[in-house]
Amino acid sequence: MNRICATFLAGFLALGIHWIASHSGHQFEPYIMGIFLFLLASATTFSRFIPVVKARYDYGCTIFILTYSLISISGYRVEHLLHITHERVSTIIIGTCLCIITSIVVFPVWAGLELHLLIPRNMDKIAKSLDCCVADFFGHDDEESKKSLHGYKCVLNSKSSEENMANFARWEPAHGRFNFRHPWKNYLKIGTSSRRIAYCIETFTSCLDSKNQVPESIKKHLESSCMNLTTSSSNVIRELATVVSTMTKSAKIKMAVDDLKNAVLELQNDLKTLPDLLIQRHDDKEEKEVASCKATILMPLIEVMPLVSFASLLIETGSRIEEDMVKTVEELAESAKFKQPEDDVKPKRNQTTNKIVSDEENMAVLQRV
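Here the structure is a predicted model, which means the values were calculated and not measured.

## So, the overall build of the protein chain
The helix and strand tally for the protein chain stands at 15 helices and zero strands. Within the protein chain, buried positions represent 39% of all 369 residues. Long-range pairs, those at least 24 residues apart, make up 81% of the contacts in the protein chain with a sequence separation of at least 6.

As structure tokens, this is what we get:
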């Protein structure tokens, strides 16, 4: 579509300006054609810096400059300009029709479908990387989890491909479960929220180098709450991925988010009791000089800092999932009009049947009276 519209527009403009220049005399003809060529090419080139134009019409601008320059310069040196324009337009129409027929009928490849499959796949990779990262920090990792630990890097590098797919999807006709005005921009928002969580996981990996510095007694104090928060976070991400892939709203989201909030509160409470644990650890030691006491208190704080940083990042990840990813998926569900879950449909049917039965019973009672 970009190629066809740009070719027709450039061809008509080139023919019109050639007619004006040819009727101005041989003396002014080259100046008129040169000025219009400079103005139109400059305006089209600078319009490509506009974000909206660059996102959707960048290829069309390139074809416009190429076609206009070809026909305009050829019109100054060739007499049969209309024949050249006809050949150019015919070639574009034939090539575009062959491309459309092959892409839709022979071997259909839909950018919208690829984007629809890519987003939940990236969300699953984030959930798996989060589980593997926390398991590695607390020593529950294995060979399989180490291989899946760096799956989040694919999400960090998928921004350009997501934007290209969304741009192509806007030009596609309605197909499958996707209407003509399907909200593809919401998929980009989900991708952005996924990358925000992936950045947190990348920061998690830097904490793995200092995991052996944390004492085991202090690490066990936060292990259960951290693992609980990780499980709740990954469950929410996987449930959201299921909502996007199946295009069906889920009744489990609210329950999963509530579990996530409770897990965050549990970890925050354990962090508040951490100073008491450090004080109890040093009460059993013998009293020494003031300088040595300061040194003994300072060392445990340095040892516990990696664990505190790790737990804080985990809380931040949970908040980003709750406030960002859940919101963007709900916006997509509302904009795309996802189907209601079957669990919500069945009770409504039961309620209507119960209402009909109750109305019939009331009518029977009235007739008896």
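## Here we look at the packing of aromatic side chains
Evaluated as defined, the whole model comprises 10 aromatic pairs. Seen from their ring centres, Y57 and W171 are 5.8 Å apart, and the 90° between their planes marks the pair as edge-to-face. Taken as a pair, Y57 in the loop between α3 (51–56) and α4 (58–77) and W171 in helix α9 (residues 159–171) lie far apart in primary sequence, 114 residues in all. On the accessibility criterion, W171 (32% relative accessible area) is partly exposed.

## Thoughts on the confidence of the model for the protein chain
When pLDDT is averaged across the protein chain, the result is 80; 82% of the residues are at 70 or more. Here helix α15 (residues 342–368) stands out as the least confident element of the protein chain, with mean pLDDT 45; helix α6 (residues 111–137) is the most confident, with 91. Here residues 283–299 scores under 50 on pLDDT; set against residues more than four positions off or in separate chains, the count is two contacts. In the predicted structure, residues 345–369 sits below a pLDDT of 50 and forms two contacts with residues beyond four places in sequence or in another chain.

## Quick notes on the pattern of salt bridges
All told, the structure shown has eight salt bridges when counted by the stated rule. K189 is paired through a salt bridge with E331; the nearest N and O atoms lie 3.9 Å apart. Highlighted residues: K189 in helix α10 (residues 184–207) and E331 in helix α14 (residues 290–336), separated in sequence by 142 residues. Ionic pairing is found between D324 and R196, a salt bridge with its closest N-O pair at 2.9 Å. Residue D324 is found in helix α14, and its partner R196 is found in helix α10; the two are separated by 128 residues along the sequence.

## Focus on the layout of surface pockets
Taken as a whole, the largest pocket spans an internal volume of roughly 1,100 Å³. For the largest pocket, the lining is made up of 28 residues, of which M1, N2, N167, F168 and W171 are closest to its centre. Looking at the lining of the largest pocket, the elements with two or more residues in it are α1 (2–22), α3, α4, α5 (81–106) and α9. Grouping the constituent residues of the lining of the largest pocket by class yields 15 nonpolar, six polar and seven charged. Its boundaries defined by the atoms lining it, the second largest pocket holds a volume of some 300 Å³. The wall of the second largest pocket is formed by V52, A55, R56, R170, F180, R181, H182, P183, W184 and K185. Secondary structure elements with two or more residues in the lining of the second largest pocket: α3 and α10. When residues of the lining of the second largest pocket are assigned to their parent elements, the largest contribution, three residues, is made by α3. Within the lining of the second largest pocket, the residues separate by chemical class into five nonpolar, one polar and four charged.

## Digging into unusual backbone geometry
Within the chain, M247 stands out as a residue other than glycine whose phi angle is a positive 55°. As for its position among the elements, M247 is in the loop between α11 (216–246) and α12 (252–272). A relative accessible area of 7% means that M247 is categorised as buried.

## Some points on a nonpolar patch on the surface
On the surface, I100, I101, I104, V105, V106, F107 and V109 cluster together to form a nonpolar patch covering roughly 680 Å² of accessible area. Within the fold, F107 resides in the loop between α5 and α6. Of the residues examined, F107 reaches a relative accessible area of 59% and is grouped as exposed.

## Notes on the environment of L307
Relative to the helices and strands, L307 is located in helix α14. Along the sequence, L307 and P215 sit 92 residues apart, while their C-alpha atoms lie 9.6 Å from each other. For L307, the contacting residues outside a window of four places in its chain are F137, F138, V214, I218, K219 and L222.

## Section: the packing of α6 against α11
The contact between α6 and α11 brings their axes to 9 Å, and the two run at 170°. Relative to α11, the element α6 lies roughly antiparallel. Counting all contacts with α6, which are made through H116, P120, M123, D124, I126, A127, K128, L130, D131, V134 and F137, the residues of α11 involved are K219, C226, M227, T230, S233, S234, I237, R238, L240, A241, V244 and S245. Grouping the constituent residues of the contact of α6 with α11 by class yields 13 nonpolar, five polar and five charged.

## Details of the side chain of H116
Looking at where H116 falls in the secondary structure, it is placed in helix α6. For H116, a relative accessible area of 1% translates into the label buried. A distance of 3.0 Å separates the side chain of H116 from the side chain of Y187, its partner in a polar contact. Once you skip the residues sitting within four places of it in the chain, H116 turns out to touch R177, F178, Y187, V244, S245 and M247.

## A closer look at the environment of W110
Note on placement: W110 falls in the loop between α5 and α6. On the basis of relative accessible area, W110 is assigned to the buried category, the value being 18%. Sequence-wise, W110 and H175 are 65 residues apart; in three dimensions their C-alpha atoms are separated by 8.6 Å. When neighbours within four sequence positions are excluded, W110 is seen to be in contact with I104, E172, P173 and H175.

Basis of the calculations
Residues numbered from 1 in each chain as written. Predicted model: local features only at pLDDT ≥ 70, side-chain atom pairs only at ≥ 80, totals over all residues. Heavy atoms only, no water. Helix = DSSP H or I, 4+ residues; strand = E, 2+ residues; numbered from the N terminus. Buried < 20%, exposed > 50% of the residue type's maximum accessible area, 1.4 Å probe, protein only. Contact = heavy atoms within 4.5 Å. Phe/Tyr/Trp six-rings, centres within 6.5 Å; stacked < 30°, edge-to-face > 60°. pLDDT = per-residue confidence, 0-100. Salt bridge = Lys/Arg side-chain N within 4 Å of Asp/Glu carboxyl O. 1 Å grid on protein atoms, 1.4 Å probe; cavity = no way out; pocket = protein on both sides within 12 Å on 5 of 7 lines; lining within 4 Å. Points joined across faces, edges and corners; volume = space filled by probe spheres on them. Nonpolar A, V, L, I, M, F, W, Y, C, P; charged D, E, K, R; others polar. Patch = residues over 30% accessible without salt bridge, like charges linked within 9 Å, V, L, I, M, F, W, Y side chains within 5 Å. Areas by Shrake-Rupley, 256 points an atom, 1.4 Å probe, with all protein chains shown as cover. Axes fitted to C-alpha atoms, helices over the stretch in contact; angles between N-to-C directions. Parallel < 35°, antiparallel > 145°, perpendicular 65-115°, else oblique. Polar contact = N/O pair within 3.5 Å; in protein donor to acceptor, adjacent residues only side chain to side chain.

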